[in-house]
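Read off the chains here:
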Amino acid sequence: MISVGARAVTGRRRERRRPKPIEVQFRTIVSPHQLNSRWGRRIYWSVLVTVVVGFTLVFVFPLYWMITGAMKTGEEIAQMPPSLFPAHPTLDAFVEAWDLFDIGLLLRNTAYYAVGGWLFSMAVDVAAAYALSKLRPLFGNVVLGAMLATLMIPPMVVLIPTYVTIVDLNLLNNPWGLWFPAAANGFNIFLLKRFFDSIPRELVEAAQIDGAGALRVLWSVVLPVSRPILGVVSIFTIVNAFRDFVLPLLVMSESDKMTISVGLSQTAGAVTQNAIMGGLVIASIPTIIVFFIFQRHIMAGLTAGSIKG
């Protein structure tokens, strides 16, 4: 018989004999020791600051050039080499652009088309994503693959069939001509489906046990927990409506029904260049405001659903 003390000693010896876990080290171009040295930290921060500042200038400089161009006079814009700063900044170009382009009417038209397209997009995309994620129809993966395949097709390829369809349905100069094409978007359906897949199946089954149908489950269970991704899809839809140009140019040919992008392009040849710059700055304000307000929601919504709970 082995005593309790002998067992304890044997157990301690076995613990001592156990091999220690091997620490896995990932090899990189610069070792952690070199990176933590004085010169390593200097080089690291120099490269980081250079890359961040460079990319910031690449993306921000066109916006800066547009704003300062609106504050310059016509002679300053035409001078060579161009100046980075206006000699005598003025806001007259913004007032002139507002009156000449009738930007108030163009913004109202664009907002009207954007809200209508958003409502149709939410109805169609949410229903499609919910059906593919929770209802699991026959050949659902094939349908999803076909939707994702449309993302590989350049928009200009489907522009002519879309325009011919709008003409055949007699929807020229009609808001429905812009709302119907915006109703279905493969990218939005993919984002929504990925988020719906992360919703625990137990929630849906509990609602079904209580007698809730498919629509009731969607309205009372799925949508309340899907606010982040719904916000992201809404922002994408509204911003696309503001920046879209080719389809509104073909569909809305009457001057009192044009969007902001089409209206600015139609009258650009009859006004000064700084007035054009001022109109472009005013047209950019709504989307810039939307981005700065909802930038955190955009990142949260894009990463939500990537890891199933």
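Look up a bit, the structure's there.
Residues numbered from 1 in each chain as written. Predicted model: local features only at pLDDT ≥ 70, side-chain atom pairs only at ≥ 80, totals over all residues. Heavy atoms only, no water.

Q: Now, about a nonpolar patch on the surface: what can you tell me, with residues and values included?
A: Together, W39, I43, V47, V51, F55, V58, F59 and V60 make up a nonpolar patch on the protein surface, roughly 880 Å² of accessible area in all. Note on placement: F55 falls in helix α3 (residues 38-70). For F55, a relative accessible area of 53% gives the class exposed. (Patch = residues over 30% accessible without salt bridge, like charges linked within 9 Å, V, L, I, M, F, W, Y side chains within 5 Å. Areas by Shrake-Rupley, 256 points an atom, 1.4 Å probe, with all protein chains shown as cover. Salt bridge = Lys/Arg side-chain N within 4 Å of Asp/Glu carboxyl O. Helix = DSSP H or I, 4+ residues; strand = E, 2+ residues; numbered from the N terminus. Buried < 20%, exposed > 50% of the residue type's maximum accessible area, 1.4 Å probe, protein only.)

Q: Residue-level account of the packing of helix α6 (residues 103-135) against helix α13 (residues 227-243), with values.
A: Contact geometry of α6 with α13 gives a least axis separation of 8 Å together with a crossing angle of 140°. Classified by the angle between their axes, α6 and α13 sit oblique to one another. As α6 packs across α13, the resulting crossing turns out to be right-handed. Contacts between α6 and α13 pair L107, T110, A111, A114, G117, W118, S121, M122 and V126 from the former with L230, V233, S234, T237, I238, A241 and F242 from the latter. Grouping the constituent residues of the contact of α6 with α13 by class yields 11 nonpolar, 5 polar and no charged. (Axes fitted to C-alpha atoms, helices over the stretch in contact; angles between N-to-C directions. Parallel < 35°, antiparallel > 145°, perpendicular 65-115°, else oblique. Left-handed = near helix turned anticlockwise from the far one by under 90°. Contact = heavy atoms within 4.5 Å. Nonpolar A, V, L, I, M, F, W, Y, C, P; charged D, E, K, R; others polar.)

Q: Go over the side chain of D125, please, and point to the residues and values.
A: By secondary structure assignment, the location of D125 is in helix α6. Look at D125: it is buried, it has no salt bridge, and the nearest opposite charge is R243 at 14 Å. A polar contact of 2.8 Å, which involves the side chain of D125, links it to the side chain of S121. Of the polar contacts made by the side chain of D125, one reaches the backbone nitrogen of N185; its length is 3.3 Å. (Lys, Arg positive; Asp, Glu negative; His and termini not counted. Polar contact = N/O pair within 3.5 Å; in protein donor to acceptor, adjacent residues only side chain to side chain.)

Q: Could you give an account of the environment of F180, with specific residues and numbers?
A: Its place among the elements puts F180 in helix α9 (residues 176-183). On the basis of relative accessibility, which here comes to 45%, the residue F180 falls in the partly exposed class. Between the alpha carbons of F180 and G116 there is a distance of 9.6 Å; along the sequence they are 64 residues apart.

All quantities given are derived from atomic positions and should not be read as evidence of function.
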